[in-house]
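Per-entry structural report
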Amino acid sequence: MAETPQGQGQETLSNLLQESRSFPPPADLAADANVQADAYDAASADRLRFWEEQARRLQWEQPWSNVLEWNPPFAKWFTGGKLNAAVNCVDRHVDAGRGDRVAFYWEGEPGDTRAITYADLKDMVCQAANALTELGVNKGDRVAVYMPMIPETVVAMLACARIGAVHMVVFGGFSVDALGTRLDDSEAKLVITADGGYRRGKPSSLKPAVDDAVRDRPAVENVLVVRRTGQEVEWNEGRDVWWHDIVDRQPTEHDAEAHDAEHPLYIMYTSGTTAKPKGILHTTGGYLTQVAYTHWAVFDLKPESDVFWTAADIGWVTGHSYIVYGPLANGATSVMYEGTPDTPHKARFWEIVQKYGVTLAYMAPTAIRTFMKWGEEYPAQYDLSSLRVLGSVGEPINPEAYMWYRTHIGGNRTPIVDTWWQTETGAIMVTPMPGITHGKPGAAMHPIPGVVVDVVDESGESVPNGHGGLIVVREPWPAMLRGIWGDPERYKKTYWSRFEGLYFPGDGAKRDEDGDLWLLGRVDDVMLVSGHNISTTEVESALVAHNKVAEAAVTGASDPVTGQAIVAFVILRSEAGDGGADMIKELRDHVGAHLGPIAKPRQILVVPELPKTRSGKIMRRLLKDVAENRELGDVSTLTDAQSIETLKEAFQESGKSDE
Ligand code: 6R9
């Protein structure tokens, strides 16, 4: 998050990239789309009433008396209302006679599979809720979940929600330290984990990290362990409990209490910076309303016939909102996949799409660019004609990656929804609607109905069309974070102090000549070159638009002449060779031709790998450390800490040969 935004000079972001391609929605999809253009009018005529209508998608045990209580910057939605999130996600579908519908087609990495119906899920969640109660977990207690991508992870989350305990999921790939600080901050009393999970064809252990983290943390009373891989685990008698020992013997009945709309549902720690992670708090009624609405609206979900797949980890907010709460609240059928996209082969994702007839797929640009790098022959081996809407989340999608996704995955047919949102916003905020919006490669287009965003300059004034600035949210929205766990001052300072009365997400954005929105990445990443603010995203997109480049990461390094200079790291497509001096020159000229001479990188380094977080975001701050020859900052949330060391050496070598 941008606690100390930098690189913001006098002027706002330069608007360098031009785009003229536009794709209308397919006629049949448009005709039958869940959301029609009148939704925007209805929401702007009466925003609160619009959200009340969306809240009625849920089952409330007691109706709300107040839609919104807004004491800036603290919001309460649907106060007086009571509901149970697990009942909304599971029981009510069974009660309505849809118990036989599959909730999850789960695919393990080694190829084992499970089909879990809503009736199965109800039994599992009730049993787990009973087990948590037996372990002494009460309403309001925090429960850490450090798990692989298996159905029990969803069950654990819903069991917490059912009894009113607050879940706090930590990425299975995070280090002992990352887990430990999160346990301390949330004061969790139970950790739910597994012996391990499968990644890249091998069992990868989880329990040892929990053992290390819990050793000096007596506040954790029990560790509940799912057996997944059958790996040997150390056992701490009295503290550790096997899931199958305690959960399987519980009754499949559980009387669920209705919780207040504002009862805490979960904490999710945001990653990415060196600062202490922030525990983002989400509550029940407003969150569930917006995730259910957006999942239905943005993916045009038809729950009777669609098969939805979010190919992301559950330890990321995208997994919480669009693997668990959104799809289940809507009674959807989803695919859940445990492993990596290249195991046992580079077409695994497309094999899964064909096998389950996936109709709606949602993934990150980093995955799409990886598939681009591998080549179109992999998706070409499978029948992807079931797909009808494709989504993107997590980073700006470069126009080139958008085109590749649309062409090679979407068969030139499917709309692409580029969805902008954050852990803090809880649900999608800015996106095209597949049945209405003419899609523009690289643009997130419009705020959803009921959400009011703007692009402003340094002084908080709206920028005109054709200009860049900072994205802000002008009105509270139902799924907004309710605060930072235990730290209201930091909440105010981080998100609400930049501009009076406006939520500041920390991202750069532009409004193009048509008034459509483009998200340009974190403002901390914006570069100030000879007095111009230039977004890393636009330079990266220009590089990726070159037919030999698969991925690019750009950072600003201090420069005696220009203030900052653009340094680019690129991954070439597999057919492009190693990239000699001619290639570097070609790429620099290519950027110059696309964006103007000001955006020509000072240096371009061809690399095999880029430093990324587990959710696929490029860690530009580490690249900046490399480009400025500094000690590397915190690397604990990197997927592969070695890759950045290798890159650092390569950069230093390249510097020598330049001189
Ligand atoms: C959902 C998620 C949030 C940050 C956000 C922004 C970037 C996400 C984006 C996007 C451009 C998109 N981001 N989606 N940037 N276009 N469609 O990713 O949450 O992990 O909290 O990250 O990700 O910079 O501020 P989170």
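Residues numbered from 1 in each chain as written. Predicted model: local features only at pLDDT ≥ 70, side-chain atom pairs only at ≥ 80, totals over all residues. Heavy atoms only, no water.

Quick look at the overall build of the protein
The test is simple: A run of H or I in DSSP counts as a helix once it spans at least four residues, and a run of E counts as a strand once it spans at least two, with each numbered from the N terminus. This radius of gyration counts C-alpha atoms alone. The globule rule is 2.2 Å times how many residues there are, raised to the power 0.38. Type-normalised accessible area, obtained with a 1.4 Å probe on protein chains alone, sets the label of each residue: buried when under 20%, exposed when over 50%, and partly exposed for intermediate values. Contact definition: two residues touch when any of their heavy atoms are within 4.5 Å. Each accessible area is a Shrake-Rupley result for a 1.4 Å probe, and residues are judged covered by the shown protein chains and nothing else.
Regarding its fold elements, the protein presents 20 helices and 30 strands. For 659 residues, the compact-globule formula gives about 26 Å, and the C-alpha radius of gyration of the protein, at 24 Å, lands near that figure. Within the protein, the fraction of its 659 residues that count as buried is 64%. Residue pairs in contact within the protein that sit at least 24 positions apart in sequence constitute 72% of those at least 6 positions apart. Surface summary for the protein: the accessible area is close to 23200 Å², and the carbon and sulfur share equals 47%.

Some thoughts on the packing of helix α4 (residues 85–98) against helix α6 (residues 151–163)
What counts here: The convention used is that axes are lines fitted to C-alpha atoms, helices contributing only their stretch in contact, and that angles between N-to-C directions extend from 0 to 180 degrees. When an angle is under 35 degrees it counts as roughly parallel; over 145 it counts as roughly antiparallel; between 65 and 115 it counts as roughly perpendicular; any other value is oblique. Here the nonpolar group is Ala, Val, Leu, Ile, Met, Phe, Trp, Tyr, Cys and Pro; Asp, Glu, Lys and Arg are the charged ones; every other residue, Gly included, is treated as polar.
Between α4 and α6, whose axes approach to 7 Å, the crossing angle comes to 120°. Our classification of the angle between α4 and α6 gives oblique. Here A85, A86, V87, C89, V90 and D91 of α4 lie close against α6, whose contacting residues are L158, A161 and R162. Taken together, the residues of the contact of α4 with α6 break down into seven nonpolar, no polar and two charged.

Describing the confidence of the model for the protein
What counts is decided by this rule: Per-residue confidence from the prediction method is given by pLDDT, with values spanning 0 to 100.
Of the residues in the protein, 97% reach a pLDDT of 70 or more, and the chain-wide mean stands at 94. Low confidence marks residues 1–10, where pLDDT is under 50. Its contacts with residues over four positions away, or in another chain, come to 38 contacts.

Regarding the UniProt feature "binding site: Mg(2+)" (unreviewed entry) in the protein
Defined as follows: UniProt positions are given in the numbering used here, feature names are shortened, and annotations may be inferred rather than shown by experiment.
According to UniProt, the positions carrying the feature "binding site: Mg(2+)" (unreviewed entry) are V544, H546 and V549. As for its placement among the helices and strands, V544 is situated in helix α17 (residues 536–544). You can call V544 buried: its relative accessible area is 0%. With near-sequence residues (within four places) excluded, V544 lies in contact with M372, N398, E400, V549, A550, E551 and A552. Relative to the assigned elements, H546 resides in the loop between α17 and β28 (549–559). What makes H546 buried here is its relative accessible area of 6%. Look past the residues within four positions of H546 in its chain and what remains in contact with it is E586, L587 and H590.

Examining the nonpolar core
This is how it is decided: Residues belong to a common nonpolar core when they are buried Ala, Val, Leu, Ile, Met, Phe, Trp, Tyr or Cys residues joined through side-chain atoms within 4.5 Å.
With 145 residues, the main nonpolar core has L158, L183, Y325 and L328 as its most contacted residues. With nine residues, α6 is the largest single contributor of residues to this core. Counting residues in each nonpolar core, the second largest holds 58 residues, with A367, W374, L390 and V570 among its members.

Focus on the side chain of S334
Tracing the sequence through the fold places S334 in strand β17 (residues 333–337). With residues up to four places along the chain from it excluded, the contact list for S334 reads A103, F104, Y105, F308 and P327.

Topic: the site of the ligand
We count it as follows: In these notes, residues near a molecule or strand are those with any non-hydrogen atom within 4 Å of it. Each polar contact in these results corresponds to two N or O atoms within 3.5 Å; when the atoms are within protein, one needs to be able to donate a hydrogen and the other to accept it, and residues that are neighboring in sequence are counted only if both atoms are side-chain atoms.
Lining the immediate surroundings of the ligand are 17 residues, of which D418, T419, T423, D507 and R522 lie closest. Between a nitrogen atom of the ligand and a main-chain N or O atom of E395, the distance comes to 3.4 Å. Here an oxygen atom of the ligand sits 3.0 Å away from a polar atom, N or O, in the side chain of Q422. Protein contacts shield 93% of the accessible area of the ligand, which totals 530 Å² for the unbound molecule. When contributions to the shell around the ligand are tallied by element, the ones reaching two or more residues are α11 (317–329), β20 (416–419) and β25 (517–522). The class makeup of the residues in the shell around the ligand is seven nonpolar, five polar and five charged.

Brief notes about a negative patch on the surface
Short version of the rule: Candidate patch residues must exceed 30% relative accessible area and have no salt bridge, after which like charges are joined if within 9 Å and Val, Leu, Ile, Met, Phe, Trp or Tyr side chains if within 5 Å. For this analysis, a salt bridge means a side-chain nitrogen from Lys or Arg found within 4 Å of a carboxyl oxygen belonging to Asp or Glu. Positive residues here are Lys and Arg, negative ones are Asp and Glu, while His and the chain termini are left out of the count. By convention, the charge on Lys lies at NZ, on Arg at CZ, on Asp at CG and on Glu at CD.
On the surface, D100, D120, D123, E253 and D255 cluster together into a negatively charged patch. Counting through the fold element by element, E253 comes out in the loop between α9 (243–246) and β13 (259–260).

Here we look at the sheet that holds strand β19 (residues 389–393)
Selection criterion: Strands qualify as paired when DSSP identifies two bridges or more between them.
Across the sheet, which stays open at both edges, the seven strands sit in the order β5-β4-β17-β16-β18-β19-β20 with mixed pairing between neighbours. Both edges of this open sheet fall to β5 (113–117) and β20, since each of them pairs with a single strand only. Taken over all neighbouring pairs, the strand axes of this sheet differ in orientation by 20° on average, direction set aside. Packed on one face of the sheet, helix α12 (residues 348–356) meets β4 (102–107), β5, β16 (307–310), β17 and β18 (360–363) and runs near 145° to β4.

Describing the sheet that holds strand β8 (residues 190–194)
One open sheet accounts for eight strands, arranged β12-β11-β8-β6-β7-β14-β15-β23; its pairing is mixed. Looking at strand neighbours, the two that pair on one side only are β12 (240–242) and β23 (483–484), the edges of this open sheet. Where strand β6 (residues 142–146) lies against strand β7 (residues 166–169), four bridges are found, and the strand directions are parallel. Bridged to A144 within β7 is M168.

Notes on the pattern of salt bridges
Inspection of the entire model under this criterion finds 46 salt bridges. The salt bridge partner of E53 is R49, with a shortest N-O separation of 3.9 Å. With E53 and R49 both in helix α3 (residues 47–55) and four residues apart, the pair spans about one turn of that helix. When its relative accessible area of 41% is taken as the criterion, E53 is described as partly exposed. Of the charged contacts, one joins R142 and E187 as a salt bridge, the two residues approaching to 3.8 Å between their closest N and O atoms. With a gap of 45 residues between them, R142 in strand β6 and E187 in the loop between α7 (176–186) and β8 connect regions that are remote in the sequence. One salt-bridge network, held together by shared partners, links R369, E395, D525, E540, E551, K612 and R620.

Thoughts on the domain arrangement of the protein
In plain terms, the rule: An automatic or database domain assignment supplies the residue ranges for each domain. By convention, the term buried area covers the 1.4 Å-probe accessible surface removed from two parts as they join, with the contributions of both added.
Taken domain by domain, the protein consists of domain 1 (109–257) and domain 2 (546–654). Each of domain 1 and domain 2 was reduced to a C-alpha centroid, and the two centroids are 39 Å apart. Surface buried jointly by domain 1 and domain 2 totals about 470 Å² across both partners, of which 62% is contributed by carbon and sulfur atoms. Across the contact surface, domain 1 and domain 2 share zero salt bridges. Counting the contacts that link domain 1 with domain 2 gives zero residue pairs in polar contact (both at pLDDT 80 or more). Partitioning the side of domain 1 that touches domain 2 into residue classes produces two nonpolar, two polar and one charged.

Considering the UniProt feature "domain: AMP-binding enzyme C-terminal" (unreviewed entry) in the protein
Per the UniProt annotation, the sites labelled "domain: AMP-binding enzyme C-terminal" (unreviewed entry) are residues 538–617. With 28% helix and 31% strand, residues 538–617 has end C-alpha atoms that lie 16 Å from one another.

Re α17
The element α17 is extensively covered by neighbouring structure, given that nine of its nine residues are classed as buried. Taken as a whole, α17 has its buried residues at T536, T537, E538, V539, E540, S541, A542, L543 and V544.

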